[in-house]
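Chain by chain, the residues run as shown.
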Amino acid sequence: MASVKTAKRLVVKIGSALLVDRVTGDLRNDWLHALALDVAWLKADGADVVLVSSGSIALGRRVLGLPGHDLALEQSQAAAAVGQIRLARAYEEALTPHGITTAQVLVTLEDSTDRRRYLNTRATLEQLLNLGVVPIVNENDTIATDEIRYGDNDRLAAQVAVTVGADQLILLSDVDGFYSANPGQDSNATRYEQINQITPEIEAMAGDAGSGLSKGGMKTKLMAAKAAMAAGCAMAISDGFTDRPLSALENGANATWFMPQDDPHLARKRWIGAMKPKGIVSIDAGAARALSRGKSLLPAGVTNITGDFRRGDPVSILGPDNTSLGLGLSRYNAFEAIAIKGLRTGDIEPILGYKPRAALIHRDDMVL
């Protein structure tokens, strides 16, 4: 079984029903402050933590006096606009006493399907985590319409886990795992401790029931598990209503773990290696030696660029004798790469007009 304490980078999904009292519509402050203790505990142990949190609409609708269900799109967007401020402030107030800085990151489905937006989101989250910040991620319900919505935060959390290369994703839920049937309706339902492969039989067991304030059912959790496992990320479904749910999970609380075959690093390398290159980057002997030692490819070692590619596209890497060395994702488009090939980092800014990225292809985005 996986251990929360072994995670180097952890994404935790928090549903509306955990944050907002479904009767009063008030924020469950005591629960949130107990969760903050868990986040501080993980951070103190060296882990990066990202929180994917619902709750903005649930908080905003009470303030605006809107009904608890069946909101029109415009009403949901208005409630989100009001609730987002309160949600961000609540996390800030809970985590600041532990010396933890928070950031609000609002995304839509378009931000993951559009390559440029995806790369910008990834770069922002990576920078925040490198600075020790805990990002609070939510769907941007203020502007999202049905065409650009994830629709539930289970799949959003999985996408965030894939984006940041997390090794664990925890879905804090109103159930304590994945069952063979709905345990509320079938007394013979059994909980799975661990699932290594999502088979058609497993998928057939998933129901659609969700809690009063959340939209995600077990089917969306299986979809999240598929995405996470494919990226080398372990995923757990665990009861979130207990105080300090992450500590409880570490101490043996009921849960179902979905286990991947690879770790995130190897899964990402396999994903890159399967891509079709859209250009060629030729390098000199010095750069080839640097790559063999696990270094990134700097513009100074590049001798030629061919092809028409954008930032984030895969390109082939050729050595000085035109032998194929591998494949990598370019951090510059073809036009920029041609302009800076052979240049040292300090000479690039006057050419591009902005502070450059140090590597043309980072070692984490390269398969040799």
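You'll find the structure just up there.
The rules we used
- Residues numbered from 1 in each chain as written.
- Predicted model: local features only at pLDDT ≥ 70, side-chain atom pairs only at ≥ 80, totals over all residues.
- Heavy atoms only, no water.
- 1 Å grid on protein atoms, 1.4 Å probe; cavity = no way out; pocket = protein on both sides within 12 Å on 5 of 7 lines; lining within 4 Å.
- Points joined across faces, edges and corners; volume = space filled by probe spheres on them.
- Helix = DSSP H or I, 4+ residues; strand = E, 2+ residues; numbered from the N terminus.
- Nonpolar A, V, L, I, M, F, W, Y, C, P; charged D, E, K, R; others polar.
- Patch = residues over 30% accessible without salt bridge, like charges linked within 9 Å, V, L, I, M, F, W, Y side chains within 5 Å.
- Areas by Shrake-Rupley, 256 points an atom, 1.4 Å probe, with all protein chains shown as cover.
- Salt bridge = Lys/Arg side-chain N within 4 Å of Asp/Glu carboxyl O.
- Lys, Arg positive; Asp, Glu negative; His and termini not counted.
- Charge placed at Lys NZ, Arg CZ, Asp CG, Glu CD.
- Buried < 20%, exposed > 50% of the residue type's maximum accessible area, 1.4 Å probe, protein only.
- Pairing = 2+ DSSP bridges.

## Some thoughts on the layout of surface pockets
Part 1 of the reasoning: Of the pockets and cavities examined, the largest pocket occupies roughly 1,400 Å³.
Part 2 of the reasoning: Surrounding the largest pocket, 44 residues form its lining, Arg 122, Thr 163, Val 164, Gly 165 and Arg 268 being those nearest its centre.
Part 3 of the reasoning: Going through the elements one at a time, helix 5 (110–113), helix 6 (115–130), helix 7 (153–164), helix 9 (218–230) and helix 11 (264–273) are the ones with two or more residues in the lining of the largest pocket.
Part 4 of the reasoning: Sort the elements by how many residues they give to the lining of the largest pocket and helix 6 lands first, with eight residues.
Part 5 of the reasoning: When its residues are assigned to classes, the lining of the largest pocket shows 16 nonpolar, 11 polar and 17 charged.

## Let's talk about a positive patch on the surface
Part 1 of the reasoning: There is a patch of like positive charges on the surface, built from Arg 289, Arg 293, Lys 295 and Arg 363.
Part 2 of the reasoning: Position of Lys 295 among the secondary structure elements: in the loop between helix 12 (285–292) and strand 10 (302–307).
Part 3 of the reasoning: By relative accessible area, Lys 295 is classed as partly exposed at 45%.

## A closer look at the sheet that holds strand 1 (residues 9–14)
Part 1 of the reasoning: Taken in spatial order, the eight strands make up an open sheet running 3-4-2-1-5-7-8-6, and their pairing is mixed. On the outer flanks of this sheet lie strand 3 (102–107) and strand 6 (194–195), each paired with one strand and no other.
Part 2 of the reasoning: In this structure, strand 1 lies alongside strand 2 (residues 48–53), joined through six bridges in parallel fashion. Among the inter-strand pairings, Arg 9 is bridged to a residue of strand 2, identified as Asp 48.

On their own, these measurements won't tell you what the molecule is for.
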